[in-house]
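Fold and contact review
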Amino acid sequence: MKVPLSWVREFVPLPESLTPSEIVERLVALGFEVEGVQDFRDEIQGPIQVAQVLEIEEITGQKKPIRYVKVAASDERFVICGAQNFSVGDFVVLALPGSVLPGNFAISARETYGKTSNGMICSARELGMGEDHSGIIVLDPTQVKESIARGADAIELLTLNDVVLDIAVNPDRGYAMSIRGIARELALAFDLPFTDPINLAPNLPLTDNPGVTTPKLEAGADFIVLRSIENINVTAPTPLRMVRRLQMAGMRSISLAVDITNYIMLEFGQPLHAFDKAKIAGALRVRRAGTTKNLVTLDGNDHPLNENDLLIADDNGALALAGTMGGLQSEVTSETRSITIEAAHFFPMDVAKNARAHKLSTEASRRFERGVDPQLPLAASARAIALLTELAGGSYLGGKSDGAPATLEPIPIHPGYVSELIGGEYSHDVVQRSLEKIGAEVNSERAEWVVTPPSWRPDLSMKADLVEEVARIEGYEKIPSTLPPSPLSRGLTPLQKRRRRIAQFLADRGLLEVQNYPFISPETIELMGFKGARARTYKIANPISEREPLLRPHMVPGLIDAAVRNMGRGAKSMALFEIGSVFRAPETIPPPPELGTEQRPTPEEIAALYASVPDQMLVVGILLAGDAQADSWLGKARAYGWHDAIALAQEIIELTGNVGTVHRSDFTPWHPGRCAEVRVGDFAAAHVGELHPRIIAHYGLPPRSSALMLNFGALPIVGPTRVRPLSNMVPTIQDIALVVPTDCEVAEIIKALYQGGGELLERVELFDRYTGKPLAQSEISYAFTLTFRAPDRTLTAEEAGALRDSAVAATASLGARLRG
């Protein structure tokens, strides 16, 4: 909200010695954010005077109309002007040589069009009064209380020496969206007396005369006041002082009736609406739209109505969107002779729904959404009638109301609770004084006080709110800077430690970590070939991008997108990893239990709550593309292969304290012949392999690009590992070659060798693979190195041979035989 300080000074005597920065500092200390300060005194320097047009000479032969004008200010002079909206005898604003206008525009006498221009006649935009540049300012003597004199100071007349604060008002501080609210806060800040603007409203009775419009509340409000006035001159000019205040507050002057309602809204904080009384049929009702289909608002737009929209309507239909914008049908025009002023207290939620449903965020709706003082309709409507009577003539017919102003609930609070919650020392007198400063009524007769918040503070609903007000009024800087005692930290969880170890391990290996949005498109899921449970995911209600409305069920597509973006920026080879969650929807999810806040949930309720939350797998994804080693004098380049990805998967699993075994697999988006599944026990911990040629071709990835996704969050948490003691005995090495069926997995052979070799078999290493003659097409040969070692002696040849034979015999169940 834009707040002219000259307006505020009418209600709180701010010393002229106060600088704008000092005022801003106090407002910030009270919890307000000041977004900007416009000091006209820094932008405009005189002399700028009121001048009267004496003569006009039209200069012809130019591309645009030019006038050579004789004016009389403190003296007579000639100026060049291109505007056409003034005549001889009009009063204008003249910037004399030596003056400076906004934008550091210096005025001087200059030769132009063969004549000397000794000053400049100003438009509103040139003086920083608005964006109107269609013509120069023509002063209307009827708009000014005092008579306009030649040579009068235009800076003083047009309030061009004011300071305007642009204050951001929080949603819970609706009272501050008014001069009344800001003046009250500044009176608190500087400990100055405050004069309530409500005192400007006369005590007008709600006389039930026959010509008065009757209000009826049916929904969306708890109090409404209608006052009627007749025989008014709506074409009467708006006083210049009122126009300037509206302009400085960011609003434009429209007509006298509209300007008065806007002026009171800014001054009191109560939105008003003026209806042409002659266009109202019957009573004015605040009701739901129901079967009413549409409403044309004052901006000329035709709004289709929802049945739950809140309207102000008469017997013939809708006249206004309640608390948001009036309707064109009941607009006050130049033909209007009688007006009904409406002032109501609408419920914030209903107005917010109106504004959002119809995309009409107005000055009125923003105030109602934040909460308006329910006591204001009587005073604000009376103030409007008084101004209309004064400025437009007419006679007051009377008024009617329906409903009653809401009252706020008293809040019980022990004064010692303030010090307890804040952490400082606040005496009972300080607490009471602070609460009374904000307008609260404090009953301190008992040990437990009863505090009734003021009507304009609906945000004060519990004792913690009152404590915050005391801290705010007394100053946040008085709160001791003492850290609260905290319990000893339990440290990171085992899963958090595991995540950090994996990230550090991969970074140490030269991989780069990326962070992608966890979203994916249905087209990408189809392209990747995900089916069944691997394709079931969740659709986001309000996605960042309509192209990617789903949560990702897999990590690899995001890594591919990151690689493609980097290749587009010149990268040729890369090793990327990402750690995060993937989301797969089960076929059914039990509904969550309804939990209250009055007590701690039972273990059963907590278990049911967690059961209703879908699993989010914590995984690591890796993409290897291009060369693992660049071509150089050290050797030829080596491309990443899928064996690199398998090795990384096994190392990550070993990092968690588990042991992984590699098995054949066939999952998309991997190459059907180069895809592996790494298991921990019977659990499929990872899928890894070379990407399918179709995927590589579609994205333009380097040939043989590989990827993996490992679900490390589901791996067992392993305790301290028992390390085998080192032996200084000489190992015994035995090489064997086994012929097995082609569908036999190496992992099963190694497992059988370990079982057969017993505790003295230290290590099994695969070093050769052979197919061809003399083997059958259904057979394959694998060669292994077996390392045996005893902890207390060197094994004899006979012992080593027996151990080897035992290991080989254990593979017979797999269809294996010694080769040769």
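Computed from a predicted model, the values in this text were never measured in an experiment.

1. What about the overall build of the chain?
Check the secondary structure of the chain and you find 21 helices and 42 strands. Here the C-alpha radius of gyration of the chain, 41 Å, is well above what a compact globule of 820 residues would show, namely 28 Å. If one aligns the C-alpha atoms of the chain with their principal axes, the spans along those axes are about 125 × 85 × 60 Å. Long-range contacts, defined as pairs at least 24 residues apart, comprise 70% of the intrachain contacts of the chain with a sequence gap of at least 6. Entry remark: accessible area of the chain is about 41,100 Å², with carbon and sulfur atoms responsible for 51%.

2. What to know about the packing of helix α12 (residues 428-437) against helix α13 (residues 463-474)
Angle between the axes and distance between the axes: these two values describe a pair of packed helices. With their axes 9 Å apart at the nearest point, α12 and α13 run at an angle of 90° to one another. With respect to α13, the axis of α12 lies roughly perpendicular. Contacts between α12 and α13 pair V430, V431, R433, S434, L435 and K437 from the former with L466, V470, I473 and E474 from the latter. For the contact of α12 with α13, the residue count by class is 6 nonpolar, 1 polar and 3 charged.

3. A closer look at the side chain of E690
With respect to the helices, strands and loops of the structure, E690 is situated in strand β37 (residues 683-691). For E690, a relative accessible area of 6% translates into the label buried.

4. Here's the deal with helix α10 (residues 376-392)
In a regular helix each residue adds 1.5 Å, so 17 residues correspond to 24 Å; α10 covers 23 Å between its end C-alpha atoms and thus fits that length. Summarising burial for α10: 12 of the 17 residues are buried, a large majority. Among all positions in α10, only L376, P377, A379, A380, S381, A382, R383, A384, I385, L387, L388 and A392 are buried. Just downstream of α10, G393 is the residue with a positive phi angle, here 70°.

5. With respect to the pattern of salt bridges
For the structure on display, the rule yields 39 salt bridges. Residue E10 pairs with R245 through a salt bridge whose shortest N-O separation is 2.5 Å. Of this pair, E10 sits in the loop between α1 (5-8) and α2 (20-29) while R245 sits in helix α6 (residues 240-248), and the two are 235 residues apart along the sequence. On the basis of relative accessibility, which here comes to 36%, the residue E10 falls in the partly exposed class. Accessibility expressed as a relative area gives 6% for R245, which makes it buried. Among the ionic pairs, R763 bridges to E762, the shortest N-O distance being 3.9 Å. Here the salt bridges do not stand alone but share partners, grouping E185, R457, D459, E469 and R472 into one network.

6. A word on the sheet that holds strand β2 (residues 33-39)
Judged by pairing direction, the sheet is antiparallel, and its 3 strands sit side by side in the order β1-β13-β2 without closing on themselves. Two strands lie at the open edges of the sheet, namely β1 (2-4) and β2, each paired on one side alone. Sheet twist, expressed as the average angle between the axes of neighbouring strands with direction ignored, equals 25°. Note: β1 against strand β13 (residues 163-168), 3 bridges, orientation antiparallel. Counted as the bridge partner of K2 is D166 from β13.

7. Looking at the sheet that holds strand β17 (residues 284-288)
The mixed open sheet is built from 5 strands, whose spatial order is β14-β17-β20-β21-β22. Two strands in the sheet have a free side with no partner beyond their single neighbour: β14 (215-217) and β22 (325-326). As paired strands, strand β21 (residues 317-321) and β22 are joined by 2 bridges and run antiparallel to one another. Looking across to β22, one finds that L321 is bridged to M325.

8. Things to note about empty space enclosed by the protein
A water-sized probe, rolled over the atoms, reveals where empty space remains. According to the stated counting rule, one finds 1 cavity of 30 Å³ or more in the structure shown. No other element matches the 3 residues that helix α5 (residues 179-190) contributes to the lining of the largest cavity.

9. Some words on the packing of α2 against α5
The interhelical angle for the contact between α2 and α5, taken along N-to-C directions, is 95°, at an axis separation of 10 Å. By the angle between their directions, the pair α2 and α5 is classed as roughly perpendicular. For the pair α2 and α5, the contacting residues are E22, I23, R26 and L27 in the first and L186, A189 and F190 in the second. The class makeup of the residues in the contact of α2 with α5 is 5 nonpolar, no polar and 2 charged.

10. Digging into the packing of aromatic side chains
The full count for this structure, using the stated rule, is 4 aromatic pairs. Taking the centre distance of 4.9 Å and the plane angle of 15° together, the rings of Y68 and F78 count as stacked. Placement of Y68 in strand β4 (residues 66-72) and of F78 in strand β5 (residues 76-81) is noted, with a sequence separation of 10 residues between them. Owing to a relative accessible area of 14%, Y68 belongs among the buried residues under this scheme. Positioned over the ring face of Y417 is K463, at 4.3 Å from the centre of the ring.

11. What to know about the confidence of the model for the chain
Here the chain averages 91 in pLDDT, and 99% of its residues register 70 or above. Per-element confidence in the chain ranges from a low mean pLDDT of 84 for helix α3 (residues 40-43) to a high of 97 for strand β38 (residues 706-710).

12. Section: the side chain of S117
Here S117 lies in strand β10 (residues 115-117). For S117, the side chain forms a polar contact with the main-chain nitrogen of I80, separated by 3.0 Å. Engagement of the side chain of S117 in a polar contact is seen with the backbone oxygen of G119, the distance being 3.0 Å. Residue contacts for S117: discarding those within four places in its chain leaves F78, V79, I80, S108, A109, R110 and T112.

13. Some points on the nonpolar core
Residues I23, I167, I339, F346 and L435 are the most contacted members of the largest nonpolar core, which totals 101 residues. The element contributing the most residues to this core is α10, with 9 residues. If sequence neighbours within four positions are ignored, I339 has contacts with R227, S228, I229, I232, V234, A257, A274, F275, K277 and V332. Among the nonpolar cores identified, the runner-up in size contains 29 residues, and F505, A645, L648 and A649 belong to it.

14. Things to note about unusual backbone geometry
Between T668 and P669 the backbone carries a cis peptide bond, its omega angle lying at 10°. In this structure, P669 sits in the loop between β35 (661-664) and β36 (670-680). Geometrically, the link from K773 to P774 is a cis peptide bond, its omega value of 5° lying close to zero. Along the polypeptide, P774 turns up in the loop between β40 (761-770) and β41 (779-788). One non-glycine residue with positive phi stands out, namely N104, at about 55°. Position of N104 relative to the elements: it lies in the loop between β7 (100-101) and β8 (105-106). The class of N104 is exposed, set by a relative accessible area of 68%. Despite not being glycine, D191 has its phi angle at roughly 55°, a positive value.

Cut-offs used in this document
- Residues numbered from 1 in each chain as written.
- Predicted model: local features only at pLDDT ≥ 70, side-chain atom pairs only at ≥ 80, totals over all residues.
- Heavy atoms only, no water.
- Helix = DSSP H or I, 4+ residues; strand = E, 2+ residues; numbered from the N terminus.
- Rg over C-alpha atoms; globule rule 2.2 N^0.38 Å.
- Contact = heavy atoms within 4.5 Å.
- Areas by Shrake-Rupley, 256 points an atom, 1.4 Å probe, with all protein chains shown as cover.
- Axes fitted to C-alpha atoms, helices over the stretch in contact; angles between N-to-C directions.
- Parallel < 35°, antiparallel > 145°, perpendicular 65-115°, else oblique.
- Nonpolar A, V, L, I, M, F, W, Y, C, P; charged D, E, K, R; others polar.
- Buried < 20%, exposed > 50% of the residue type's maximum accessible area, 1.4 Å probe, protein only.
- Expected span 1.5 Å × (residues − 1).
- Salt bridge = Lys/Arg side-chain N within 4 Å of Asp/Glu carboxyl O.
- Pairing = 2+ DSSP bridges.
- 1 Å grid on protein atoms, 1.4 Å probe; cavity = no way out; pocket = protein on both sides within 12 Å on 5 of 7 lines; lining within 4 Å.
- Points joined across faces, edges and corners; volume = space filled by probe spheres on them.
- Phe/Tyr/Trp six-rings, centres within 6.5 Å; stacked < 30°, edge-to-face > 60°.
- Lys NZ or Arg CZ within 6 Å of the ring centre and 35° of its normal.
- pLDDT = per-residue confidence, 0-100.
- Polar contact = N/O pair within 3.5 Å; in protein donor to acceptor, adjacent residues only side chain to side chain.
- Core = buried A, V, L, I, M, F, W, Y, C linked by side-chain atoms within 4.5 Å.

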